[in-house]
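Spelled out, the chains give:
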Amino acid sequence: MSPNRKIAVVLKGYPRLSETFIAQELLGLEKAGHELVLVALRRPTDGKRHPVHDEIRADVHYLPEYLHEEPWRVFRAWLRLMPKAGFWRALGLFLADLMRDPTRNRFRRFGQALVLVAEWPGAATWLHAHFIHTPASVTGYASIIAGVPWTCSAHAKDIWTSSDWELSEKLDRARWTVTCTRSGFEYLQSLTASKSRVHLSYHGLDLDRFPAFGGDHSGRDGSDPADPVRIVSVGRAVAKKGYDILLKALSLLPGDLNWRFEHIGAGELAGDLKKIARELGLADRVSWKGALDQTDVLQHYRDSDMFALACRVAADGDRDGLPNVLVEASSQRLPCVSTSVSGVPELLADNQNGLLVPPEDPRALAVAIERLARDPDLRRQLGAAAERRVRAEFDHHASVSQLIGLFESEWSKAS
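Residues numbered from 1 in each chain as written. Predicted model: local features only at pLDDT ≥ 70, side-chain atom pairs only at ≥ 80, totals over all residues. Heavy atoms only, no water.

Colleague: So what about the environment of A270? Which residues, and what values?
Modeller: Tracing the sequence through the fold places A270 in helix α11 (residues 270-279). It is 8.4 Å that separates the C-alpha atoms of A270 and R236, two residues lying 34 residues apart in sequence. (Helix = DSSP H or I, 4+ residues; strand = E, 2+ residues; numbered from the N terminus.)

Colleague: Break down a nonpolar patch on the surface for me, with residues and values.
Modeller: A contiguous nonpolar surface patch, about 460 Å² in accessible area, is contributed by W72, F75, W78 and L79. Residue placement: W72 occurs in helix α3 (residues 71-81). (Patch = residues over 30% accessible without salt bridge, like charges linked within 9 Å, V, L, I, M, F, W, Y side chains within 5 Å. Areas by Shrake-Rupley, 256 points an atom, 1.4 Å probe, with all protein chains shown as cover. Salt bridge = Lys/Arg side-chain N within 4 Å of Asp/Glu carboxyl O.)

Colleague: Hey, could you go over the side chain of N353 for me, with residue numbers and the actual values?
Modeller: Here N353 lies in the loop between β12 (336-339) and β13 (355-357). Within the local environment of N353, its side chain forms a polar contact with the backbone nitrogen of A349, the two atoms lying 2.6 Å apart. For N353, the residues in contact, after removing those within four places along its chain, are L347, L348, L382, A385, A386 and R389. (Polar contact = N/O pair within 3.5 Å; in protein donor to acceptor, adjacent residues only side chain to side chain. Contact = heavy atoms within 4.5 Å.)

Colleague: Hey, could you go over the packing of aromatic side chains for me, with residue numbers and the actual values?
Modeller: Scanning the entire structure with this criterion turns up 16 aromatic pairs. Both rings, one in W78 and one in F87, keep their centres 5.3 Å apart while their planes meet at 75°; by these two values the pair is edge-to-face. Note on W78: relative accessible area 32%, which makes it partly exposed. Taken together, a centroid distance of 4.9 Å and an interplanar angle of 90° make the contact between F87 and W88 edge-to-face. In this structure an aromatic cluster arises from ring pairing among W78, F87, W88, F94, F107, F110 and Y141. Positioned above the aromatic ring of W160 is the side chain of R319, whose terminal nitrogen or guanidinium carbon lies 4.1 Å from the ring centre. (Phe/Tyr/Trp six-rings, centres within 6.5 Å; stacked < 30°, edge-to-face > 60°. Buried < 20%, exposed > 50% of the residue type's maximum accessible area, 1.4 Å probe, protein only. Lys NZ or Arg CZ within 6 Å of the ring centre and 35° of its normal.)

Colleague: Please provide a residue-by-residue account of the sheet that holds strand β7 (residues 198-200), values included.
Modeller: The seven strands lie next to each other as β3-β2-β1-β4-β5-β6-β7, forming an open sheet whose pairing is parallel. Every interior strand has two partners, whereas the edge strands, β3 (59-62) and β7, have only one. Here the average twist between neighbouring strands, direction ignored, is 25°. Note that strand β1 (residues 6-13) and strand β4 (residues 126-130) share four bridges and pair parallel. Across the sheet, I7 pairs through a bridge with W126, a residue of β4. Seen against the sheet, helix α9 (residues 182-189) touches β5 (150-154), β6 (177-179) and β7 and runs at an angle of roughly 170° to β7. (Pairing = 2+ DSSP bridges. Axes fitted to C-alpha atoms, helices over the stretch in contact; angles between N-to-C directions.)

Colleague: Let's hear about unusual backbone geometry: which residues, and what values?
Modeller: The peptide bond linking Y14 to P15 adopts the cis configuration, its omega dihedral lying at -10°. Tracing the backbone shows P15 in the loop between β1 and α1 (20-31). With a phi angle near 50°, S342 is a residue other than glycine that sits in the positive phi range. With respect to the element layout, S342 can be found in the loop between β12 and β13. Residue N351 is not a glycine yet carries a positive backbone phi of 70°. Inspection of the secondary structure assignment puts N351 in the loop between β12 and β13. A residue is classified by how much of its surface remains accessible, and N351, at 38% relative accessible area, is partly exposed.

Colleague: Which residues make up the pattern of salt bridges, and what are the values?
Modeller: Following the criterion strictly, the structure yields 32 salt bridges and no others. D244 serves as the salt-bridge partner of R312, at 3.0 Å between the closest nitrogen and oxygen. A residue pair is termed long-range when its members are at least 10 positions apart, and R312 in the loop between β11 (306-308) and α13 (324-331) and D244 in helix α10 (residues 243-251) qualify at 68 residues. Owing to a relative accessible area of 10%, R312 belongs among the buried residues under this scheme. One salt bridge connects E370 with R374, and the closest N-O pair in it is separated by 2.8 Å. Of this pair, E370 and R374 both sit in helix α14 (residues 362-374), four residues apart, which is roughly one turn of the helix. R374 gets classed as partly exposed once you look at its relative accessible area, which sits at 34%.

Colleague: An account of the nonpolar core is needed here, citing residue identities and associated values.
Modeller: Residues I231, L246, L250, Y301, F307, L365 and I369 are the most contacted members of the largest nonpolar core, which totals 58 residues. F307 has contacts with V232, S233, V234, Y301, V325, L326, A329, L334, P335, C336 and V337, leaving out every residue within four places of it along the chain. Core analysis: the next-biggest nonpolar cluster, separate from the first, contains 46 residues, A8, V10, W160 and L191 among them. (Core = buried A, V, L, I, M, F, W, Y, C linked by side-chain atoms within 4.5 Å.)

Colleague: Outline the sheet that holds strand β9 (residues 259-264), supporting the account with residue identities and numerical values.
Modeller: Sheet architecture is open: six strands sit in the order β10-β9-β8-β11-β12-β13, paired in parallel fashion. Two strands in the sheet have a free side with no partner beyond their single neighbour: β10 (286-290) and β13. Direction aside, the axes of adjacent strands within the sheet are offset by 25° on average. Of the pairings in the sheet, the one linking β12 to β13 comprises three bridges and is parallel in character. From the neighbouring strand, V337 faces β13, where its bridge partner is L355. The sheet contacts of helix α12 (residues 294-303) involve β8 (229-234), β9, β10 and β11, and relative to β8 the element is tilted by about 145°.

Structure follows, in C-alpha cells:
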C-alpha cells in the first residue's frame, strides 16, 4: 500500500456491541497494513466492549452529535471553510437535498461534515462510510469540501429506510459501494447505471474468535422438567428482530414441552418485551441477560440447544441483512430457527442446515421450535451442516481481502 494512503472511516457510532462485523473489518484492514482514523457521529452508549475493540489501534475522533450542543465548534468550521470552493459546491448539494428532505437531521449531516473537514483528523487521503444513510451523507458532503474521494459500505436498515433518489445519487458519487446480502446488492444495482461499482461482499466471521466447538450439545428433548431445552437469541430489542413474534411462538408450545429461553441484547423495546412475556405467562421461563461481550455470547451458544430469531420487515421498512449472530451460532454447531427475510436464506436453507418459516407467523415458528426441541438428532444434523457452510463460505478473511482489493484498485488508478 502507498504510504500516503490513510483512510478516515466514518461510522454512526463507535464502539458498538451490535456491530462486531465492522470492528473485525477495521482490524483486518489494520493487520493488512492500512492506516485508519475512525470518525464517529455518536459517542458509545454500550457499557461493555468486545475484545476486538481493544485490538484496533486507530484513533477515534467524535463529531458533534447534535449541533446545538457544540455550536462554536460548528461555527468555527463554517468560518474556516467558507473560502474553499468545495464548501460552496457542497452547500449547493446540501440545499438541493434539503428541498427534498427538509429535516433537522439534514442540517446535522452538513454541520458534521463541516467539522470533519475543518478538523480533518489524521491527515487522511480517503474517506469510507459505514452505512449509506447518515454516515454516507456526512462523508459525501465532506468529500466535496475536501476534494477527497470516498467509498461506502451499505448494510441493512440504511438501505431499506432511505429514499431511492438519495441512494441513487450516493451510488453515483461514491467510487464504489459494497453491501453484504444479495437482496441488498440487487436492489442497489437497480438504482444506478454504474452497476459495476456495486459489489457483493458477505461480512463473514472471524473464525479465530469462534473456534470449532470441541464439546457436544445436549441430548435434551424437552421431556425432563429438571433439564429443559435451552433456547437462546442474540439481538437488539428492536422491531425488525421480531421478538414479540418469538414470544408469542413460545407461548404456543405444548404444555408437556419443557424449555427455557434466554435473550442477549439491549434495545429500546426491552421493557415492552418483558411486559409481553409477563402477559403471556412466560416470565418464569424467560431470562433477559442484557448486553454481553463476545466471550460470554460464545459460551451461551455452546451451552444452548437451539438459536431462534424471528426477523421481519418493520413498519418503516427496516430489516436485517444477514444477521451476524446467525453466522456466529452456526459456527458453534448450534441449529438455528429463523425466517425467510432478506439475507437469512443466503445462509440457511430450510431442512438442510437450519429451519426457516415465514415472517409474522408465530404458529409456524412454534412448530419449528417444537420440532427441534424434541429431536436432538435433527439438531445435531442441522448444526453440523450449518457449521460446515460457515467455515467453508463465511470466513471474514475473504471479505477483508475483497475490500483491500477494491481500495488498492482505486489507488493504482490514481498513481
